[in-house]
Each structure stands twice: as structure tokens, then as C-alpha cells.
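# A structural walkthrough
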Amino acid sequence: MFTQFTSSALALTVSLGTVMSCQAEVTGKDYTAAFNQVHQINAGDLNVGYVDIGPKDGQPVILLHGWPYDIHSYADVAPALAAKGYRVIVPSLRGYGTTRFLSDKTPRNGQPSALAKDIVNLMDALNIKQAVFAGYDWGARTADIVAALWPERVKSLVSVSGYLIGSQAVGKQPLPPKAELQWWYQFYFATERGAQGYAKNTHDFARLIWSQASPDWKFSDATFNASAKSLDNPDHVAVTLSNYRWRLDLEKGEHKYDSYEQKLATLPTISVPTITIEGGNNGAPHPAPEAYASKFTGKYEHRTFGATVGHNPPQEDPQDFVKAVVDADKL
């Protein structure tokens, strides 16, 4: 038999449960909505556009996109991590989205160490001492470089296609014909015809790369268009050309990055706890996992995602990517 007190307590419990449930639902919606609310902050040479979601006192996670994609690669991953209590930072790299150079005089330099220093500068601007890093393509290379040059800033690492640190000397070495064919766009970008072609057909070019890199990914026009807008950045073409031309030693880069490049040219090992990932059907150039396992000297795991997952695992298999980030944090 219920007393008046019992009845009141039950009503209060139900009421609180309803409120908490509603708050959780609203919070989830807020995380998703916040992904489209891009923040801006001055950091180094850039005014960086970035998504910042989740509790501000949560473990920071920095998610880095590739080329020719953008922050929307993490549209499902970022809210899921935020809901788990992480503070999730998803920046647009130089030449993408709302990220802009602060000075017209700064070279539109795409060399890998420059992109890595951008992220360290962003961490400094946001007062983040250390973060879990995860990335693919340019984002994985950037995360690898931060982990190699500034290991104290990286709690753990998730790197798609593993160890992607290279050098201009490495870039000069010829590859087997089949491998060279996969890099067709790098040679295209080395020409003036390629520069003009990419500038004229940026969106069509990106759509082709997406299709080649992830043959089984049936992305919608809406999904593609959400990211393609970021490629309209006024510096995107210049940064892209610089990145690929630098790899072939057709551009020298900036002297302020020389010390970083000298260290990276030794192909340093990465000591932070790491999970490497490969898509089961990655159509983009990528090394075999056994070729780079020894470059990770800390706690280490490798995971191959499903047979239909291509070059962009966070967008193609967000659930497993979230799990990898969480598991890497626990290594």
C-alpha cells in the first residue's frame, strides 16, 4: 500500500528520470548541431576553423581529416565520442573550410611538417597540453608527425594506413609501375596543366578520388557536397599543389621547418601508444601493415576494418573508428 510520502517520492523519481532523459536527448542533439557551429581562433600562421564539442573538462581528442575531404568525415564519430565524455576538436587543415592564413605574405605551403606545426599551434591556442590523436590520409600523416616530433603532446594515436612519415629523399625513389599508377594525381599536380585542371575541376576531381579510394562506399550527393564546400577555400588549390610538389622535391618548403624535416628524414620511430587501421578495400596508395609495425615502439595494435571499407574509415565505419579511439586512449 502506497503512503502519501511513497507516492510523492515515486512521482519525484519519475519526474527526475524524465528530466534526465530529456536532458540526455537534448545533449545528443546539441552535439550533432554543434558540429555545424564552427569556431575560429588565431593559431600560428592561421585563423583556424574548428569544431569543439563535448565537455570542456573531458579528455581532448583531435581528429584530423584528409585530402580531398574535410571535417565532415567525423560527423558521426565526433558526436559519439563527445557523448562518451571526450572533448572533441576537429580542425580544418590549412587550405580547407573556414581556415585562413593571417597574412597574404605567408607562403601557401603544404609541406607535411607545416601542417603538423599548425596543429601544435592550435593546441597551444586552446591551452590543450596533450590529446588523443586520430586521422587518415593527410590527417594520419600529420598526427604521425606530431607524435614523432612532439610525443609529449600525444596521449595516444589512431593512424589509418599506419606510418606515413616520409621525406623528399624517399619521394625521389621510383616505385613499381602499379604503385606509380596509384599516384597518378601527384604527377598530374607537378604540371601546369594539372594546376589549371585542379583549379577548374576541384569538385569533380575530389569526387573521382573519393570513388577510387573507396570503391565500395556509396556516398550520396548530399554527403559529398557537405565536404566539397570546404574545397572552395581560396588557398586550397595552392596548398594541395604545394603538398604534392614538395614530396617530389619540386618545392623546397620554408626554412623555418628545416629542423623538423631533417629529423623526419631519419624516419623516426613513434613511441606513443598506437592503434593502426586499414580499410579492407582501400583503393588509395598505402603501405602494408607488416611494413610499418616496427616503427611503433610503444603499446601497439593493428586493426583491419571490413572488406568494403576504403580510405576514409571514420566516415565509412564510424562505430569501429570510435571504438579504436576509445581503445587507444586506454592502451
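As the structure is a computational prediction, the values presented were derived from the model and not from experiment.

## Focus: the pairing of strand β7 (residues 154–160)
- The buried count for β7 comes to six of seven residues, which makes it a mostly enclosed element.
- Direction of pairing for strand β6 (residues 131–135) relative to β7: parallel, over a ladder of five bridges. For F133, the partnering residue across the bridge sits in β7 and is L157.
- With helix α4 (residues 138–149) bridging β6 and the parallel β7, this β-α-β connection has right-handed handedness.
- Direction of pairing for β7 relative to strand β8 (residues 274–278): parallel, over a ladder of four bridges. In the sheet register, L157 faces β8, and the bridge partner there is T274.

## Concerning the environment of F305
- Secondary-structure assignment places F305 in the loop between β9 (300–304) and α14 (313–316).
- The spacing of F305 and G280 is 25 residues in sequence and 5.5 Å in space, taken between C-alpha atoms.

## Here we look at the layout of surface pockets
- Counted as a void, the largest pocket has a volume near 1200 Å³.
- Contributing to the lining of the largest pocket are 48 residues, with R141, L175, W183, R247 and P285 lying nearest its centre.
- Looking at the lining of the largest pocket, the elements that each hand over two or more residues are α4, α5 (168–171), α6 (177–182), α7 (184–189), α9 (202–213), α11 (236–247), α12 (258–264) and α13 (289–292).
- Of the residues belonging to the lining of the largest pocket, the class tally is 30 nonpolar, 11 polar and seven charged.

## Some thoughts on the confidence of the model for the protein
- Per-residue pLDDT for the protein averages 91, and the proportion of residues at 70 or more is 91%.
- Taken together, the stretch residues 1–29 has pLDDT below 50 and engages in one contact with residues farther than four places along the chain or on a different chain.

## Some thoughts on the packing of aromatic side chains
- Taken as a whole and judged by the stated rule, the model has 33 aromatic pairs.
- Each ring, one from Y292 and one from F296, has its centre 6.2 Å from the other, and the planes form 80 degrees; the classification is edge-to-face. Residue Y292 shares its accessibility class with F296, and that shared class is buried.
- Ring-pair connections join several aromatic residues into one group, and the members of that group are W67, Y96, W138, W183, W184, Y185, Y188, F189, Y198, F205 and Y244.
- Taking NZ or CZ as reference, R207 lies 4.3 Å from the ring centre of F224, over its face.
- The positively charged end of K295 is found above the aromatic ring belonging to Y163, 5.2 Å away from the centroid.

## Observations regarding the pairing of strand β2 (residues 46–53)
- Across the eight residues of β2, eight count as buried, placing the element largely inside the fold.
- Of the two faces of β2, the one carrying L46, V48, Y50 and D52 and the one carrying N47, G49, V51 and I53 are both buried.
- Where strand β1 (residues 39–43) lies against β2, five bridges are found, and the strand directions are antiparallel. Looking at the pairing, N42 lines up with N47 of β2.
- In this structure, β2 lies alongside strand β5 (residues 100–101), joined through two bridges in antiparallel fashion. The partner of L46 across the bridge, within β5, is F101.

## Regarding α9
- Along its 12 residues, α9 runs 16 Å from first to last C-alpha, staying within 8% of the 16 Å computed at 1.5 Å per residue.
- For α9, the full list of buried residues reads T202, F205, A206, I209, W210 and A213. The arc enclosing the buried residues of α9, seen along the axis, measures out at 140 degrees, which places them on a common side.
- Tucked inside the fold, the buried residues of α9 contact α7, α8 (192–200), α10 (221–228) and α11.

Parameters and conventions
- Residues numbered from 1 in each chain as written.
- Predicted model: local features only at pLDDT ≥ 70, side-chain atom pairs only at ≥ 80, totals over all residues.
- Heavy atoms only, no water.
- Buried < 20%, exposed > 50% of the residue type's maximum accessible area, 1.4 Å probe, protein only.
- Helix = DSSP H or I, 4+ residues; strand = E, 2+ residues; numbered from the N terminus.
- Pairing = 2+ DSSP bridges.
- Right-handed = clockwise from strand over helix to strand, strands pointing away.
- 1 Å grid on protein atoms, 1.4 Å probe; cavity = no way out; pocket = protein on both sides within 12 Å on 5 of 7 lines; lining within 4 Å.
- Points joined across faces, edges and corners; volume = space filled by probe spheres on them.
- Nonpolar A, V, L, I, M, F, W, Y, C, P; charged D, E, K, R; others polar.
- pLDDT = per-residue confidence, 0-100.
- Contact = heavy atoms within 4.5 Å.
- Phe/Tyr/Trp six-rings, centres within 6.5 Å; stacked < 30°, edge-to-face > 60°.
- Lys NZ or Arg CZ within 6 Å of the ring centre and 35° of its normal.
- Expected span 1.5 Å × (residues − 1).
- Arc of directions from axis to C-beta.

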